[in-house]
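Understanding the architecture of this molecule
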Amino acid sequence: MKTILVTGGAGFIGSHTVVELQQSGYDVVIADNLYNSDIEVLDKIEEITGKKPHFIKVDLSKTKECNLVFETYNIDGIINFAAFKAVGESCSMPIEYYKNNMNILLNLLDNMKRRDINYIVHSSSCTVYGEPDSLPIKEESPTKKAESPYGNTKQMAEEVLSFVVQATDINAIALRYFNPIGAHSSAKIGELPRGVPNNLMPFITQTAIGKRKELVVFGDDYPTKDGTCIRDYIHVVDLAKAHIVALNRLFENKNKKPLEFFNIGTGNGFSVLDVIKSFEKTSNTKLNYKIGPRRKGDVIEIWADTSFAEKLLGWKAQKTLDEMTLSAWNWEKALSKK
Ligand code: WQD
């Protein structure tokens, strides 16, 4: 049984990926500093899979703490989620974002090189594309100058990987996520934003449950079908499954290059109002929202060309927008019962 280190594995996408890893027969070690996640997630994962993942609380951006993980566990492969990820916050604290996100990756790669661990799936983002020139966006579409330090760390991470794989035996797959939303069907794990949510879906469910007064839609004067921004929303479980497929590809040495990139989206673009409409239908509630000013840094529209992932990974997102919004609502209701 192979042992996979999942950094940031107590987080939203990480915890869903741990469930899929365990259900695919992998042994899992979670390394997390619990900065943006909750230790309770481990028990919830065990309730879903019957297996509690190994856990070590470390700050992976600190070299000694990162090394300790590899001195403690015999790791065969890595899935790296650990990073600060709030776009707006990164603009007000760029140094912390660069130090944290880059040191984590560099510490992991250093341990991989020294210990002959040759497989890593890395969390990247559609943010690397900036405002697309044409849609749907392909992996070879040009990346644009980042609009935030957060987005820049995602671009820098891809560049670091591109050089490191040339100088070592490390093989990497960078998955460029679009907009992950929703929650596991058990409603035992889901998105748990600290404080006021930055992202649309948790703000919608927290408004509907009464934790927030109203949702503000950031602008309805964009050149789109209904004036609101368009994104490629993908169910977090579909996204989690893509990580297993990517990891298997590396272990089976099927990757065509030492570093591969894949867009992990659904290939469909939905507007903010589409998401609100879907949520109102699946939750059978009327959402309290108003139109407000645009948010700085928002791209107008982006959605993925997913043919590369379908062809080479044999992976395709399965869940519909309604399944995403319903699962997010079930999770919010479960949270409110705690
Ligand atoms: C989606 C749409 C907002 C909140 C996210 C992550 C980023 C990256 C990419 C992974 C936009 C609108 C939002 C609100 C709103 N993920 N909105 N009112 O900006 O696409 O970026 O995915 O790497 O880390 O942040 O997602 O959910 O913030 O916004 O109208 O209260 O919803 O303007 O059009 P975004 P988001």
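Cut-offs applied
- Residues numbered from 1 in each chain as written.
- Predicted model: local features only at pLDDT ≥ 70, side-chain atom pairs only at ≥ 80, totals over all residues.
- Heavy atoms only, no water.
- Helix = DSSP H or I, 4+ residues; strand = E, 2+ residues; numbered from the N terminus.
- Buried < 20%, exposed > 50% of the residue type's maximum accessible area, 1.4 Å probe, protein only.
- Polar contact = N/O pair within 3.5 Å; in protein donor to acceptor, adjacent residues only side chain to side chain.
- Near = heavy atom within 4 Å.
- Areas by Shrake-Rupley, 256 points an atom, 1.4 Å probe, with all protein chains shown as cover.
- Nonpolar A, V, L, I, M, F, W, Y, C, P; charged D, E, K, R; others polar.
- Core = buried A, V, L, I, M, F, W, Y, C linked by side-chain atoms within 4.5 Å.
- 1 Å grid on protein atoms, 1.4 Å probe; cavity = no way out; pocket = protein on both sides within 12 Å on 5 of 7 lines; lining within 4 Å.
- Points joined across faces, edges and corners; volume = space filled by probe spheres on them.
- Contact = heavy atoms within 4.5 Å.
- Disulfide = S-S within 2.5 Å.
- Salt bridge = Lys/Arg side-chain N within 4 Å of Asp/Glu carboxyl O.

Our focus in this paragraph is the side chain of Ser283. Inspection of the secondary structure puts Ser283 in helix α9 (residues 272-283). When its relative accessible area of 9% is taken as the criterion, Ser283 is described as buried. In terms of polar contacts, Ser283 uses its side chain to reach the backbone carbonyl oxygen of Phe279, at 2.6 Å. Within the structure, the side chain of Ser283 is placed 2.7 Å from the side chain of Thr285, a separation counted as a polar contact.

On to the site of the ligand. Residues in contact with the ligand amount to 19 residues; listed here are only the nearest, Tyr150, Leu200, Arg231, Arg295 and Asp298. The separation between an oxygen atom of the ligand and a polar side-chain atom of Tyr150 is 2.3 Å. Side-chain polar atom of Arg295 to an oxygen atom of the ligand: 2.8 Å apart, as the coordinates give it. Within the complex, 91% of the 680 Å² of free accessible area of the ligand lies under protein. With four residues, strand β8 (residues 215-218) is the largest single contributor of residues to the shell around the ligand. Here the residues of the shell around the ligand sort into 10 nonpolar, five polar and four charged.

Once that is clear, we can look at the nonpolar core. Counting 38 residues, the largest nonpolar core has Ile4, Leu21, Leu175, Leu247, Ile264 and Trp315 as its most contacted members. With nine residues, the single largest contributor to this core is helix α8 (residues 236-251). Membership of the second largest hydrophobic core comes to 26 residues, among which are Val29, Val58, Phe70 and Leu105.

Its volume calculated, the second largest pocket comes out at about 170 Å³. Along the walls of the second largest pocket sit Glu139, Glu140, Arg176, Lys257, Pro258, Leu259, Glu260, Phe261 and Phe308, which together make up its complete lining. Considering every element that reaches the lining of the second largest pocket, the biggest residue donor is strand β11 (residues 259-264), with three residues. For the lining of the second largest pocket, the class distribution of residues is four nonpolar, no polar and five charged.

It is worth spelling out the environment of Cys126 at this point. Structurally, the position occupied by Cys126 is in the loop between β5 (119-125) and α6 (149-167). Sequence spacing of Cys126 and Met324 is 198 residues, and the spatial spacing of their C-alpha atoms is 19 Å. Ignoring anything within four residues of it in the chain, the contact list for Cys126 reads Arg176, Tyr177, Phe178, Asn179 and Ile302.

The next thing to look at is the environment of Glu140. Inspection of the secondary structure puts Glu140 in the loop between β5 and α6. Of the residues examined, Glu140 reaches a relative accessible area of 62% and is grouped as exposed. Separated by 122 residues in sequence, Glu140 and Phe262 place their C-alpha atoms 9.8 Å apart.

Throughout the structure, instances matching the rule amount to zero disulfides. Cysteine Cys91 remains unbridged, with the sulfur of Cys126 as its closest cysteine sulfur at 16 Å. For the unlinked cysteine Cys229, the closest cysteine sulfur is that of Cys126, found at 12 Å.

Evaluated as defined, the whole model comprises 21 salt bridges. Among the salt bridges present, the one from Glu47 reaches Lys188, with a minimum N-O distance of 2.7 Å. With Glu47 in helix α2 (residues 41-49) and Lys188 in the loop between β7 (179-181) and α7 (200-209), this residue pair connects regions lying 141 residues apart in the sequence. Of the charged contacts, one joins Lys281 and Asp322 as a salt bridge, the two residues approaching to 2.7 Å between their closest N and O atoms. Here Asp322 lies in helix α11 (residues 321-336) and Lys281 lies in helix α9, a separation of 41 residues in the sequence. The class of Lys281 is exposed, set by a relative accessible area of 56%. In this structure Asp322 comes out as partly exposed when scored by relative accessible area, which is 26%.

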